Amino acid sequence: MKLKGDMKAPIICLVGPPGVGKTSLGKSIATALGRQFIRMSLGGLHDESEIRGHRKTYIGAMPGRILQSIKKAKSSNPVFILDEIDKLGKDFRGDPSSALLEVLDPEQNSTFHDNYLDLDYDLSRVLFIATANSLSTIQPALLDRMEIIDVSGYSLEEKVEISKRHLVPKQALEHGLKSDSAILSLSLLQFIIQKYTRESGVRSLDRTLAGVMRSVAKKVAMSEKYNPKLVESDVIEALGPIMFDNEQYLKVDLPGVAVGLAWTRVGGDILFIEASSSKGKGKLVLTGNLGDVMKESATTALSYIKAHAASLGIDPDTFEQTDLHIHVPEGAIPKDGPSAGITMLTAITSALKNKPVKPYLAMTGEITLRGKVLPVGGIKEKVLAARRAGIKEIMLCEDNRRHVEQIPMDYIKGMEFTYVSKMDQVIENALGFLVF
Ligand SMILES: Nc1ncnc2c1ncn2[C@@H]1O[C@H](COP(=O)(O)OP(=O)(O)OP(=O)(O)O)[C@@H](O)[C@H]1O
Ligand SMILES: [Mg+2]
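For clarity, every value in this text was computed on a predicted model and none was experimentally measured.

### Regarding the overall build of the protein
Working step 1: Along its length, the protein carries 17 helices and 16 strands.
Working step 2: In terms of principal-axis extent, the alpha carbons of the protein reach across some 80 × 60 × 45 Å.
Working step 3: Split into buried and exposed, the 436 residues of the protein put 36% on the buried side.
Working step 4: Taking contacts inside the protein between residues at least 6 apart in sequence as the whole, the part at least 24 apart equals 78%.

Okay, here's the thing in structure tokens:
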């Protein structure tokens, strides 16, 4: 922009989990460019005329929201945020994402036609920035017109820094506190982040810090004596008992439990897969609200184990005499995707061999019947989630190595990565025995 002064603006789409600052980033771009800022939320919009306007012959006809906003901004080159573009609706009143196709096409939007105005309007100087949580619900043609920029979640260190520089001063101000009436050390911030929040962004951290500030504000207001250098017990007094205690949870050393990594539209998460075998007739039961792909992974894993029973040291007759139950806790949340394949394999083998899985190990990867491990997506979010949860080692497909190498070193400090390409390597690493 500095070189050209006035260029045909690109159309940017910021994609990432909630609360990572996509909308705020749009605002900052407007401030930095010194332009007007418009935000239009597309969430739940399902009427095409909201975008393109009604023809004047209708009663109560109005121009579309795009032109109304431009009129309000009194500028034809504002920064225009199209918020929540992935949540556009669609029904009998038309399909607004098709109307947006024209708005967002840099080749066509110099002659945008609004039905009310009945004139072409030049939108090509407007800097459009769309935000979305997930790309999967955006119409492909619309997606093709935008430049996608991934905004991924924050690491623990970044969250500490954001709290120190922005959130703590902001909350102190909002609660009418002076900066020296509540002092939060870096290690205390880390404690709050790890024990009271589990998210990619910083929204619930912001609320949690507000809770701490409220409790301090009460003490100040009631002239109670207290030490402004807050410690862990003050936080526990303000927020209640610790909410997330990962350690405890990961130390389970029962056979049949394996930790997987999942990717959802709200960031990464860890996922426990439990398998248990009992005397029976060779039935496979799956519970925990699993999707079709995940059920197939379980069946594939079991078929592989059956086919390689001898080399795994499992008596082939056991399959006919045992029932297998696989459960993925938190049944209220639907789970699907191929990336739990190697976790299923590990959990089932662990249950059948009665051997616990290596502690603090998480894994993700798709499996095939031939015994290969395939790469999966969402690696960065998954790695960040694993770190949040206190995992020390991650097992991944060899082909995912390049994705891990793109993650800044600070994010993965102290974590170990093991790359595998075959299923026997998975078993060897997770369960510690060789497969012949
Ligand atoms: N890097 C950061 N520094 C300071 N504050 C931040 C940062 N990132 C996010 N925030 C704060 O987090 C809050 C949420 O940010 P924002 O609304 O931009 O999220 P978003 O990515 O648009 O989320 P959603 O997808 O839910 O719309 C804001 O109050 C913002 O100030
Ligand atoms: Mg937003």
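### Quick look at the domain arrangement of the protein
Working step 1: If you check the domain split of the protein, you get domain 1 (12-150), domain 2 (156-239) and domain 3 (248-431).
Working step 2: The C-alpha centroid of domain 2 is placed 37 Å from the C-alpha centroid of domain 1.
Working step 3: In this assembly, four residues from domain 1 lie in contact with five residues from domain 2.
Working step 4: In terms of residue class, the side of domain 1 that touches domain 2 is built from three nonpolar, one polar and no charged.

### Considerations on the sheet that holds strand β6 (residues 127-132)
Pairing between sheet strands relies on hydrogen bonds along the backbone, with the strands arranged either parallel or antiparallel.
Working step 1: Taken in spatial order, the five strands line up as β2-β3-β6-β1-β7 in an open sheet, and their pairing is parallel. Single-partner strands in this sheet number two, and they are β2 (37-41) and β7 (147-150). Within the sheet, the average angular offset between the axes of one strand and its neighbour, ignoring direction, is 20°.
Working step 2: Relative to β7, strand β1 (residues 12-15) runs parallel, the two sharing four bridges. Its bridge partner being in β7, V15 is matched across the sheet by D150.
Working step 3: Its contacts with the sheet put helix α1 (residues 22-33) on β1, β2, β3 (79-83) and β6, and the angle it makes with β3 is roughly 175°.

### Some remarks on the site of ligand 1
Working step 1: As a matter of local geometry, ligand 1 sits amid 14 residues, with P18, G21, K22, T23 and S24 nearest to it.
Working step 2: Sorting the residues of the shell around ligand 1 by element identifies α1, α6 (156-174) and α8 (203-221) as the ones contributing at least two each.
Working step 3: Formed jointly, the shell around ligand 1 draws a minimum of three residues from each of two domains, domain 1 (12-150) and domain 2 (156-239).

### Brief notes about the pairing of β6
Working step 1: With six of its six residues buried, β6 lies for the most part within the structure.
Working step 2: Judged by which residues are buried, β6 turns out to be covered on both faces: L127, I129 and T131 on one side and F128, A130 and A132 on the other are all buried.
Working step 3: Judged from the four bridges that link them, β1 and β6 form a sheet pairing that is parallel. Of the residues in β6, the one forming a bridge with I12 is I129.

### Focus: the environment of E50
Working step 1: Mapped onto the elements of the fold, E50 is located in helix α2 (residues 49-52).
Working step 2: A tally of 20 C-beta atoms within 10 Å means that E50 is categorised as buried.
Working step 3: Each C-alpha atom of the pair E50 and P63 lies 8.0 Å from the other, and the pair is 13 residues apart in sequence.
Working step 4: Those residues in contact with E50 that sit more than four places away from it in its chain are L45, G64, R65 and P96.

### As for helix α14 (residues 341-353)
Working step 1: The end-to-end C-alpha distance of α14, which contains 13 residues, comes to 18 Å, matching closely the 18 Å that a straight helix rising 1.5 Å per residue would cover.
Working step 2: Counting buried positions along α14 yields twelve of 13 residues, so the element is predominantly enclosed.
Working step 3: Regarding α14, the residues found buried are G341, I342, T343, M344, L345, T346, A347, I348, T349, S350, A351 and L352.
Working step 4: Among the residues trailing α14, N354 stands out with phi positive, at a value near 55°.

### Comments concerning the packing of helix α11 (residues 292-307) against α14
Working step 1: The contact between α11 and α14 brings their axes to 9 Å, and the two run at 50°. Judged by the angle between their axes, α11 and α14 are oblique. In the packing of α11 onto α14, the handedness of the crossing is right-handed. Facing α11, whose interface residues are S297, A298, T300, A301, L302, Y304 and I305, α14 presents G341, M344, L345, I348, T349 and L352.

### Re the sheet that holds strand β15 (residues 393-397)
Working step 1: Taken together, the seven strands give an open sheet; going across it, the order is β10-β11-β9-β8-β12-β15-β16, and neighbouring strands pair in mixed fashion. At either margin of the open sheet sits one strand with a lone partner, and together these are β10 (284-287) and β16 (416-420). Taken over all neighbouring pairs, the strand axes of this sheet differ in orientation by 25° on average, direction set aside.
Working step 2: Note: strand β8 (residues 257-264) against strand β9 (residues 267-279), eight bridges, orientation antiparallel. Bridge pairing in β9 places W263 opposite G268.
Working step 3: Here helix α15 (residues 379-388) sits on the sheet and contacts β8, β9, β12 (361-363) and β15; the angle it forms with β9, its principal contact strand, is near 75°.

### As for α6
Working step 1: Along α6, the largest kink reaches about 50° and is centred on S163.
Working step 2: For α6, every residue scored as buried is listed here: K159, V160, S163, L167, V168, Q171 and A172.
Working step 3: G176, located one to two residues past α6, shows a positive phi value of around 65°.

What counts and what doesn't
- Residues numbered from 1 in each chain as written.
- Chains lettered and ligands numbered in written order.
- Predicted model: local features only at pLDDT ≥ 70, side-chain atom pairs only at ≥ 80, totals over all residues.
- Helix = DSSP H or I, 4+ residues; strand = E, 2+ residues; numbered from the N terminus.
- Buried ≥ 20, exposed ≤ 12 C-beta atoms within 10 Å, placed from the backbone.
- Contact = placed C-beta atoms within 7 Å.
- Domains from an automatic or database assignment.
- Nonpolar A, V, L, I, M, F, W, Y, C, P; charged D, E, K, R; others polar.
- Pairing = 2+ DSSP bridges.
- Axes fitted to C-alpha atoms, helices over the stretch in contact; angles between N-to-C directions.
- Near = placed C-beta within 6 Å.
- Expected span 1.5 Å × (residues − 1).
- Parallel < 35°, antiparallel > 145°, perpendicular 65-115°, else oblique.
- Left-handed = near helix turned anticlockwise from the far one by under 90°.
- Bend = angle between axes of the 7 residues up to and from the residue.

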